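Read off the chains here:
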Amino acid sequence: MWRVGRVLTWRLAGRLYSSNPPKPSSSSSSQSNYPLRPQAEKQRRRKERERAILSSQRSTAEGDSVKWSEKQRVEYTAQTPPGTKKDTSLPFPSSYSPDYVESSWYQWWEKEGLFSPEHHEKLSHAVDKTFSLCIPPPNVTGTLHLGHALTVAVEDALVRWRRMQGHRVLWVPGCDHAGIATQTVVERMLLREEGKRRQDFTREEFLQEVWKWKNKKGEEIYDQLRRLGASLDWSRACFTMDPGFSRAVTEAFVRLCDSGLIYRSEGLVNWSCALESAISDIEVDSKELTGPTMLPVPGYEHEVEFGTMLSFAYPVEGHDGEVVVSTTRPETMLGDMAVAVHPDDPRYQDVHGKQCQHPFTNRLLPIITDTMVDMELGTGAVKVTPAHDHTDFLLSQRHSLPRLTVIGGDGRMTPLCGHWLEGVKRFDARQIVLDALAERKLLRGKKDHVMTLPICSRSGDIIEPLLKKQWFVRCNEMAKKAIQAVEDGQLQIIPHFYTKTWKNWLSNISDWCISRQLWWGHQIPAYRVKLPDSTDKQEEQWVWGRSEDEARQRAAVKCGLKPEDISLTQDPDVLDTWFSSALFPFAMLGWPQQTSDLQCFYPNSVLETGSDLIFFWVARMVMLGTELTSQLPFKKVLLHSLVRDKYGRKMSKSLGNVIDPLDVIHGVSLERLQEKVKVGNLEPREQVVAMEAQRKDFPKGIPQCGTDALRFALCSHKMQGEDISLSISQVLSCRHFCNKMWQTLRFTLGVLGDSTTPVGSLEETTPLNSMDRWVCSRLYSTIVQCEKSFEAYELHTVTSALYSFWVHCLCDVYLECVKPVLVHTDTEHSGRSRQVASSVLYHCVSVSLALLSPFMPFLTEELWQRLQPFRPGAAAQTSLCLQPYPCSSQLTHWHFPDEERDFLLVQEVVRVARSLRAQCGMTKEKTAMWAVCSPSQAQILLHFASAVWTLSRISNLHIYCPQGGEGVLSTPPPAGSLVGVVDHTCQLHLHVQSGMRVSKQIAELTQRRVKLVPKLEELLCRVQSPHYLTKVPAHVRQQMDSKMSALQQELKNVEDQLKVLQGLQTTE
């Protein structure tokens, strides 16, 4: 239904009411309390984003365009029948290729039933715990986009994690029939391909066409989910129009009717004249207008003008004066039933209780007083059209005004308007009415007007509020229970700040219109009763039932007649899609039957979905689930944020900036991207903006990134509370991480293949030297971090910890330090050291693959299987996805906190040493360095001496302690050395000798200083400007200060190094 923000904004644009009306009555549409950003501000931001896209100047922001080169594609060519395990004994390709890695694994997982909860009994590490959830069922209107991919990546990570922990896991796939959206798409297709409209078919014939569409699109969606690696139990796949699900929908409707929670009433709904149906809030878009705007409207040859306010006068009966009212919809004045003013407005004190005469119908309109009227807006007098405006409908209830429908469901004026307007389309009638008012000299003016126009997202039509008899759900009591569940802690919403939004919306909820004038959907199981002697003028009588026979029996009891004497006609309308979607958590498990699945997996453990569905879906699931099952449908609600493009725009088909996840996985050309925009239903300007954004962002198209890289990139964003601005360059960097993992395995397999000693078990492997202990302890700490963050649903922290360990600890540090031990077979390193290092490397890699498996299922499975020939003992399971998830309690013997703490100093020393080498232009040559430090620091550097030498690329590290210290030199570093500061007690000294290209370094540093000075002066000029503190936001000032401080420090370092080098040059 129509959100209150949209209703009131449009209302105020066309009328002059206060922005704080009383709570709507039970018969009005369901509304929400989203605060709206001021319209001018929203419009300004949108135009800024468009200008940024259309600007010919290249942006310097990150990701301006994705820089990449085509990688060689390696394909898996072995003859592997679908469902057969992949052959990992083949030669290991030299580089990572998604095509090779992702081949065959999913079919094998699925055929083996690894995603079924029944497989739980075969796990040696099984625990008596259950984890269940449903996938938010995507609509069968098209294909998945990156928003869906985010949902899949997050949910599958949680599902695979719990499965590896030994839980009995059920993740149910499904699709939603999406009544209005699917019917619209199919109607367009039939019109385009066959030249036929829906009305050219019988209802049954049309539904057959929709089922054909569903079967095709449903399979495409399921194929996308498989390609994304989603470990769903396909044997339980659920569609909201399946026979079993339809029975659940009927049962829910009947029970809610029986309990009085569903009722039939006349109320205002948001109506699409193009679709000839009521539509829900989520299907209404808001278009902001800053003034007169010509817009295309379905069914009209020419564009229609919006964004103007028109004023006209109503003569006061028996009085010389007139009352001037303003409106953006003059065609509705044929349905005016009153004029309202504020009781305290001094301008209208004399006309209280009087009447105005309608110029076209001669109907007398009472002048009523109501505090809802805003005296400060316009003339302070407003026209009241109860049958075509939500706020006016409330006024009609308060003042017992009649309601006159002057616009029909087809968008044409009704016979009540008179012959001169009957059958005229509403926006054509607008000009006719204005001409008639001008002819009677009642038109008082026209001016530009800022307004928000509600538009049907499915048809592009302008929404028309219409008075209809519909079925409604009483929400008030159910909403109170939903609020209480959160307040009592029975239902947890993550992130927590949404609990306030939850309470505010549910506290102001209105009753929910569930009737839709469609053919595709669940036909409402309610029947109009016709008695033998009844007439059309008699009040309607309705019954409901699980079947027509049951409804007939109910009618017979209700009317005291024999069943055969009663005629029933089923309501042709269907139920709102959100009604059936709200039943998904339990209907997917067989409800209302008490199935074993329902008993085992209900309530669900968690509901994970986008934050934009908290009201339309989550709240309704909680309300109906609690009412129909006497239990909350899930214990936790995990909400992720929206995926936006790099310009901050929500990814939307209407903007043409949606990205198909398969295009990221497989790669796509710019030409193909532009073709997709051209076939979309975009306005000309939107198409230009969309295509220009693509040309800027993807000049060579989108590179092939692979499923694992996409999933890892999506889960690397903080999902709770912050919108996700995903760039393809981030996904590409994750592909580079995949290649890093691949090359690490190549090295590891080479080491293991050359070893004559088998790898020791994890329990038996005890690290010997300082670097072995450090990397083992880092792995232990990484597992602890993963455990904490998974439990808190902070997946971005998990991925960050895993990336950091693999790249910065395992590859950048440990492998660099132990390569001499592992690769060289001379007598310098003992066989025992080599054996322990090989075992440590094997287990670090193997355990890390298990940790990464929930995020990168294809790559980790491929690499883990390659390690199995070297595994000490038999694997617990044939697939990594069923291996026990690493647990810190099993690795306590690898925890060396002192080593981790001490190595932080080593890392800083290495960083400063490399910086000094770079300043001197040293690339290959190794020189000695001096460390001037405290005795405690000296002991740490001695303990990790080998690592310091290797990582710093120096020949020797001389340690000098001014306070003295055991095992250290007493000779200070030579004078005239370059100095690098590690901390307040530790400095590094690099003695610059002659012949080390001093002149070249002086020239380079001088050039660097030349570039730094103007940058610093420019920043200083901006910071010292008169209005800097008042006009520049605080966060921007903070960024500027940090940047200026960094430049000042860099300039100081450059000048200090120049002094040393120039002194050295003089002595030469």
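Computed from a predicted structure; not experimentally measured.

(A) Focus on the overall build of the protein. The number of helices and strands found in the protein is 32 helices and 33 strands. With the C-alpha coordinates aligned to their principal axes, the bounding extent of the protein is approximately 110 × 75 × 55 Å. When the 1068 residues of the protein are sorted by exposure, 56% land in the buried category. Put simply, 78% of the contacts in the protein that link residues at least 6 apart link residues at least 24 apart. A total accessible area of about 45,700 Å² is found for the protein, and carbon and sulfur atoms account for 50% of it. Considering the protein, the positive charge centre built from 123 side chains and the negative charge centre built from 123 side chains are found 3 Å apart.

(B) Examining the pairing of strand 14 (residues 364-369) more closely. Across three bridges, the pairing between strand 12 (residues 338-341) and strand 14 is parallel. By the bridge assignment, Val 341 is partnered in strand 14 with Thr 369. Sheet topology places strand 13 (residues 355-357) next to strand 14; three bridges connect them, and they run antiparallel. Note that in strand 14 the partner of Cys 356 across the bridge is Leu 365.

(C) Structural context of the pairing of strand 31 (residues 956-960). Burial analysis of strand 31 places four of its five residues in the buried class, the great majority of the element. As judged from the five bridges shared by strand 30 (residues 928-932) and strand 31, these two strands associate in the parallel manner. Considered in strand 31, the bridge of Met 929 is made with Leu 957.

(D) Highlighting the state of the cysteines. According to the stated counting rule, one finds zero disulfides in the structure shown. Cys 844 provides the cysteine sulfur closest to Cys 776, a residue in no disulfide bond, and the two sulfurs are 5.1 Å apart. A residue is classified by how much of its surface remains accessible, and Cys 776, at 0% relative accessible area, is buried.

(E) Layout of the nonpolar core. Residues Leu 225, Trp 806, Leu 849 and Phe 855 are the most contacted members of the largest nonpolar core, which totals 182 residues. Sort the elements by how many residues they give to this core and helix 24 (residues 795-823) lands first, with 16 residues. Ignoring sequence-local partners within four residues, the contact set of Trp 806 consists of Phe 737, Lys 740, Met 741, Thr 744, Leu 745, Cys 811, Val 845, Ser 848, Leu 849 and Leu 852. Cys 475, Ala 482, Trp 502 and Trp 617 belong to the second-largest nonpolar core, a separate cluster that totals 67 residues.

(F) Structural context of the pattern of salt bridges. Applying the stated criterion across every chain, the model contains 51 salt bridges. With a shortest N-O distance of 3.6 Å, Lys 212 and Glu 209 are connected by a salt bridge. Of this pair, Lys 212 and Glu 209 both sit in helix 7 (residues 203-227), three residues apart, roughly one helical turn. Exposure remark for Lys 212: the relative accessible area of 54% places this residue in the exposed category. Put simply, Lys 676 and Asp 663 hold a salt bridge, and the shortest N to O gap is 2.5 Å. Of the two residues, Lys 676 is situated in helix 19 (residues 670-679) and Asp 663 in helix 18 (residues 661-666); the sequence distance between them amounts to 13 residues. Taken together, the shared-partner salt bridges in this structure form one network comprising Glu 251, Arg 255, Asp 258, Arg 546, Glu 550 and Arg 554.

(G) The layout of surface pockets, seen in detail. Roughly 490 Å³ of volume is contained in the second largest pocket. Lining the second largest pocket we find 21 residues, and of these Leu 762, Glu 763, Val 847, Arg 871 and Gln 883 sit closest to its centre. Among the elements that take part in the lining of the second largest pocket, helix 25 (residues 831-852) stands out by supplying five residues, more than any other. Across the lining of the second largest pocket, the residue classes tally to 13 nonpolar, six polar and two charged.

(H) Inspection of the sheet that holds strand 15 (residues 381-384) at higher detail. Strand order in the open sheet formed by four strands is 13-14-12-15, and the pairing between neighbours is mixed. The open sheet has two edge strands with one neighbour each: strand 13 and strand 15. Shown here is a sheet whose adjacent strand axes are inclined to one another by a mean of 30°, direction ignored.

(I) Spotlight on the packing of helix 25 against helix 26 (residues 857-867). Between helix 25 and helix 26, the shortest axis-to-axis distance is 9 Å and the interhelical angle comes to 150°. Overall, the two elements helix 25 and helix 26 adopt an arrangement that is roughly antiparallel. Regarding helix 25 and helix 26, the two cross each other, and that crossing is left-handed. Contact residues: Tyr 842, Val 845, Ser 846, Leu 849 and Leu 852 in helix 25; Thr 860, Leu 863, Trp 864 and Leu 867 in helix 26. A per-class count over the contact of helix 25 with helix 26 returns seven nonpolar, two polar and no charged.

(J) How the structure looks around the confidence of the model for the protein. Overall, the predicted model of the protein reaches an average pLDDT of 87, with 91% of residues at or above 70. Across the protein, element-level confidence peaks in strand 2 (residues 168-172) with a mean pLDDT of 98 and bottoms out in helix 1 (residues 4-14) with 31. Every residue in residues 1-39 scores below 50 in pLDDT, and together they form 162 contacts with partners more than four places removed in sequence or on other chains. Of the regions scoring below 50 in pLDDT, residues 57-64 engages in 13 contacts with residues more than four places distant in sequence or in other chains.

(K) Representation of the packing of aromatic side chains within the structure. In total, this model carries 35 aromatic pairs according to the counting rule given. Relative to Trp 519, the ring of Phe 206 has its centre 5.7 Å away and its plane inclined at 70°; by these criteria the two rings are edge-to-face. You can see Phe 206 sitting in helix 7 and its partner Trp 519 sitting in the loop between strand 21 (515-516) and strand 22 (526-530), a full 313 residues away along the chain. Of the two residues, Phe 206 and Trp 519, neither departs from the other in class, the shared state being buried. By the ring-pair criterion, three or more aromatic residues cluster together here, those being Trp 161, Phe 712, Phe 737, Phe 790, Tyr 803, Phe 855 and Tyr 885. Against the face of Trp 234 rests Arg 226, its NZ or CZ located 4.0 Å from the ring centre. Its guanidinium or amino end placed over the ring of Tyr 300, Lys 425 lies 4.6 Å from that ring's centre, counting from NZ or CZ.

(L) The arrangement of the sheet that holds strand 18 (residues 464-473) in detail. In space, the four strands of this open sheet follow the order 6-5-18-20, with antiparallel pairing throughout. The open sheet terminates on both sides in strands that have one partner only, identified here as strand 6 (277-278) and strand 20 (512-513).

(M) Geometry of the side chain of Ser 581. By the secondary structure assignment, Ser 581 is in helix 14 (residues 577-581). Taking relative accessible area as the criterion, Ser 581 reaches 2% and is therefore assigned buried. Within the structure, the side chain of Ser 581 is placed 2.3 Å from the side chain of Asp 176, a separation counted as a polar contact. Apart from residues no more than four positions distant in its own chain, Ser 581 is found in contact with Asp 176, Trp 617 and Met 621.

Conventions and cut-offs
Residues numbered from 1 in each chain as written. Predicted model: local features only at pLDDT ≥ 70, side-chain atom pairs only at ≥ 80, totals over all residues. Heavy atoms only, no water. Helix = DSSP H or I, 4+ residues; strand = E, 2+ residues; numbered from the N terminus. Buried < 20%, exposed > 50% of the residue type's maximum accessible area, 1.4 Å probe, protein only. Contact = heavy atoms within 4.5 Å. Areas by Shrake-Rupley, 256 points an atom, 1.4 Å probe, with all protein chains shown as cover. Lys, Arg positive; Asp, Glu negative; His and termini not counted. Charge placed at Lys NZ, Arg CZ, Asp CG, Glu CD. Pairing = 2+ DSSP bridges. Disulfide = S-S within 2.5 Å. Core = buried A, V, L, I, M, F, W, Y, C linked by side-chain atoms within 4.5 Å. Salt bridge = Lys/Arg side-chain N within 4 Å of Asp/Glu carboxyl O. 1 Å grid on protein atoms, 1.4 Å probe; cavity = no way out; pocket = protein on both sides within 12 Å on 5 of 7 lines; lining within 4 Å. Points joined across faces, edges and corners; volume = space filled by probe spheres on them. Nonpolar A, V, L, I, M, F, W, Y, C, P; charged D, E, K, R; others polar. Axes fitted to C-alpha atoms, helices over the stretch in contact; angles between N-to-C directions. Parallel < 35°, antiparallel > 145°, perpendicular 65-115°, else oblique. Left-handed = near helix turned anticlockwise from the far one by under 90°. pLDDT = per-residue confidence, 0-100. Phe/Tyr/Trp six-rings, centres within 6.5 Å; stacked < 30°, edge-to-face > 60°. Lys NZ or Arg CZ within 6 Å of the ring centre and 35° of its normal. Polar contact = N/O pair within 3.5 Å; in protein donor to acceptor, adjacent residues only side chain to side chain.

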